[in-house]
Amino acid sequence: MERLDVTILGREYPLACAPEEQEALLEAASMVDRAMQRIKAAGKIGSTERIAVMAALQIAGDLLNAKAPDGPLSQLAVGDYKRKIEGMNQILDAELGPQDKLF
């Protein structure tokens, strides 16, 4: 593991990561910093903690709404995939649950 210092909202954070993960971690830190800077610049939220929570919600929302670039399922967002898989798991659990008693 290597030590990596990142700056988010003007504050340095020491992080540890594997050398092959360094570029992705720097990109993630930059994304978080940009989101937090935008929220802070809007001037409606003052505390760093609230800014961080709002940035996390914004980034999570962006992730759940992200879509595959192409292919047969490109019209579905990641959140749609997640909901569909959870729905299938619930159906399977409901149908297979009674079979537990057979074994």
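Predicted model only: the values in this text are computed from it and were never measured.

Caption draft 1: Geometry of helix H1 (residues 22-42). Under the 1.5 Å per step criterion, the end-to-end length of H1 is 30 Å for 21 residues, consistent within 8% with the ideal 30 Å. On its buried side, H1 packs onto strand S1 (2-8) and helix H2 (48-65). Once H1 ends, the next one or two residues include glycine 43, with phi positive near 75°.

Caption draft 2: The arrangement of the packing of H1 against H2 in detail. Across the interface, H1 lies against H2 with an axial gap of 9 Å and an inter-helix angle of 120°. Looking at the two axes, H1 sits oblique to H2. By crossing handedness, the relation of H1 to H2 is classed as right-handed. On H2, the residues touching Met31, Val32, Ala35, Met36, Arg38, Ile39 and Lys40 of H1 are Thr48, Ile51, Ala52, Met54, Ala55, Gln58 and Ile59.

Caption draft 3: View of the side chain of aspartate 33. Tracing the sequence through the fold places aspartate 33 in helix H1. Of the side chains bearing the opposite charge, arginine 34 lies closest to the buried aspartate 33, which forms no salt bridge; the N-O distance is 7.3 Å.

Caption draft 4: The nonpolar core, seen in detail. Counting residues in each nonpolar core, the largest one holds 12 residues, listed as Leu4, Val6, Ile8, Leu9, Cys17, Ala29, Ala35, Met36, Ile39, Ile45, Ile51 and Ala55. Considering every element that reaches this core, the biggest residue donor is H1, with four residues. Setting aside residues no more than four positions away along its own chain, alanine 35 makes contact with Ala55, Gln58 and Ile59.

Caption draft 5: A look at the environment of alanine 55. Following the sequence through the fold, alanine 55 ends up in helix H2. Overall, the relative accessible area of 1% leaves alanine 55 in the buried class. Taking C-alpha positions, alanine 55 is 23 Å from tyrosine 81, a pair spaced 26 residues apart along the chain. In contact with alanine 55, not counting residues within four places along its chain, are Ala35, Met36 and Ile39.

Caption draft 6: Region of the structure containing the environment of valine 78. Relative to the helices and strands, valine 78 is located in helix H3 (residues 78-96). On a C-alpha basis, the gap between valine 78 and leucine 63 in space is 6.9 Å, while along the polypeptide they are 15 residues apart. Among all residues touching valine 78, those that are not within four sequence positions of it are Leu63, Leu64 and Ala66.

Quick notes on the rules
- Residues numbered from 1 in each chain as written.
- Predicted model: local features only at pLDDT ≥ 70, side-chain atom pairs only at ≥ 80, totals over all residues.
- Heavy atoms only, no water.
- Helix = DSSP H or I, 4+ residues; strand = E, 2+ residues; numbered from the N terminus.
- Expected span 1.5 Å × (residues − 1).
- Contact = heavy atoms within 4.5 Å.
- Axes fitted to C-alpha atoms, helices over the stretch in contact; angles between N-to-C directions.
- Parallel < 35°, antiparallel > 145°, perpendicular 65-115°, else oblique.
- Left-handed = near helix turned anticlockwise from the far one by under 90°.
- Buried < 20%, exposed > 50% of the residue type's maximum accessible area, 1.4 Å probe, protein only.
- Lys, Arg positive; Asp, Glu negative; His and termini not counted.
- Salt bridge = Lys/Arg side-chain N within 4 Å of Asp/Glu carboxyl O.
- Core = buried A, V, L, I, M, F, W, Y, C linked by side-chain atoms within 4.5 Å.

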